[in-house]
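One-letter residues, chain by chain:
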Amino acid sequence: MPESGNLVHPITLGPLALSNNLVLAPMHKRTHLPFRLLCRREGAALTHTEMATPHELLGHENARKARNLLASDPADRPLGVQILPREPDLLVETVAMLARRGTADLVDLNFACPSRRVAGRSRRGAAFLRHPDAAVRLVEAAVGASPLPVTVKLRHGYTNSPQDNQLALDLARGAADAGAVAITLHARCAAQTYHHRADWTTISRWTEALAVPVFGSGDLKTPEATLDMLRETGCAGASIARGAFGTPWIFRQIRELAETGSYRPVTPEERGRAFLEHYEGLVRQYGERVGLRYIRQIGRVYARDIPRAAEARARIQNARSRADIRCVAERWFGMLAE
Ligand SMILES: Cc1cc2nc3c(=O)[nH]c(=O)nc-3n(C[C@H](O)[C@H](O)[C@H](O)COP(=O)(O)O)c2cc1C
């Protein structure tokens, strides 16, 4: 079993060298640019855009949405763009567009999303877990479309039946044979959506079975849990999702814990600073009105472990203006007025 000090290390994914093996997972309506930048500063070596269909990324439906999905910044590299493909042709067009624009350093194909809208109605995401051959054709198409490295996001089955587990592993093996440079395994079956404990033993099994690096995902909510997962499974890296939302410093804390056995906790003021930065970034990207709407929906995640957290959360949800947001930062997070 590896020593803690060796659990966080540089890693290479095909042509892409990452400074460490801790990545920010894609999260729908969460991993927009302002949040990615916060995680990046704390040491995430790779971040991902949220899942989007080729239609959305190509701007066929809404050009502004495509611009926002692909909004980036020199400080936000290397960047993985996640695609929810269905047909090879549109996928090839999307990957070629990303390579031409130079926006992405990596393309991640999502065969994991279990939502009814994605896997049911539009037969994307986790719907492919039972159709490995069709998924592998998509991986081949993406790999052939550009020099960008391609990775794949999976769950270990549509259900937990042995047949479904085997189909998902077949998909992972086929993807690696088709040229995918890494696999991220969310260690739940699709039918479990986001509930139930993640089963890290499947990450160990896939790590042994596959010839490419496996990134583990599922229940990485604390620095301790992340190192436990890396130690128990022997997998190549960690894909952090809910554990980073409202707590982007988790990346720094994981590294500190691995290197020294402890980590520096954050102060309420640091939480407030991250909250304000997130808000200002949302306003820069989406404008005052939409930025405010977003922070009202998601800003409450910063109000943890502070005195009168419930009150702060209510204030954030009811904020009507920039002044209200600054007032929360000053009064509840204890930030000094500028
Ligand atoms: C709000 C939310 C949105 C998500 N959106 C995506 C997504 O766009 N693409 C994806 O591959 N996974 C998505 N996921 C799954 C996460 O990347 C991750 O695999 C999952 O949350 C398990 O990790 P956790 O238990 O540590 O949160 C999402 C998860 C959450 C909670």
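Check the entry above for the structure.
No experiment lies behind these values; they were computed from the predicted model shown.

> I'm lost on the environment of Leu292 in this one. Help?
Structurally, Leu292 can be placed in helix α12 (residues 288–298). Between the alpha carbons of Leu292 and Arg320 there is a distance of 7.6 Å; along the sequence they are 28 residues apart.

> Any chance you could explain the environment of Leu24 here in plain terms?
Its place among the elements puts Leu24 in strand β3 (residues 22–24). Residue class for Leu24 comes out buried when judged on the 28 C-beta atoms lying within 10 Å of it. Here the alpha-carbon distance between Leu24 and Leu79, two residues 55 residues apart in the chain, equals 9.9 Å.

> What exactly am I supposed to notice about unusual backbone geometry here?
Generally, phi is negative for residues other than glycine and the peptide bonds are trans, each holding for most cases. Look at the link from Arg77 to Pro78: it is a cis peptide, with omega at -5°. Its location among the elements puts Pro78 in the loop between α3 (63–69) and β5 (79–83). The backbone phi angle of His196 is positive, close to 65°, even though this residue is not glycine. Mapped onto the elements, His196 comes out in the loop between β8 (182–186) and α8 (200–209). On the neighbour-count criterion, His196 (13 C-beta atoms within 10 Å) is partly exposed.

> Help me understand the packing of α8 against helix α9 (residues 223–233) in this model?
Packed helix pairs are specified by the crossing angle of their axes together with the interaxial distance, meaning the distance between the axes. Axis separation between α8 and α9 bottoms out at 9 Å; the angle between their running directions is 45°. Here α9 runs oblique to α8, going by the angle between their axes. For the pair α8 and α9, the sense of crossing is right-handed. Within the contact between the two elements, α8 uses Trp200, Ile203, Ser204 and Thr207 and α9 uses Met229, Glu232 and Thr233. Class assignment for the residues of the contact of α8 with α9 results in three nonpolar, three polar and one charged.

> Looking at this model, I keep getting lost on the sheet that holds strand β6 (residues 106–111). Mind explaining?
By way of backbone hydrogen bonds, the strands of a sheet pair with one another, either parallel or antiparallel. On the basis of which strands lie adjacent, the open sheet formed by eight strands has the order β3-β10-β9-β8-β7-β6-β5-β4 and parallel pairing. Edge positions in the sheet fall to β3 and β4 (47–48), since each of these pairs with one other strand and no more. Bridge count between β8 and strand β9 (residues 214–217): four bridges; the pairing is parallel. If you follow Ile183 over to β9, its bridge partner there is Val214. Relative to the sheet, α8 contacts β8 and β9, its axis offset from that of β9 by approximately 175°.

Basis of the calculations
Residues numbered from 1 in each chain as written. Predicted model: local features only at pLDDT ≥ 70, side-chain atom pairs only at ≥ 80, totals over all residues. Helix = DSSP H or I, 4+ residues; strand = E, 2+ residues; numbered from the N terminus. Buried ≥ 20, exposed ≤ 12 C-beta atoms within 10 Å, placed from the backbone. Axes fitted to C-alpha atoms, helices over the stretch in contact; angles between N-to-C directions. Parallel < 35°, antiparallel > 145°, perpendicular 65-115°, else oblique. Left-handed = near helix turned anticlockwise from the far one by under 90°. Contact = placed C-beta atoms within 7 Å. Nonpolar A, V, L, I, M, F, W, Y, C, P; charged D, E, K, R; others polar. Pairing = 2+ DSSP bridges.

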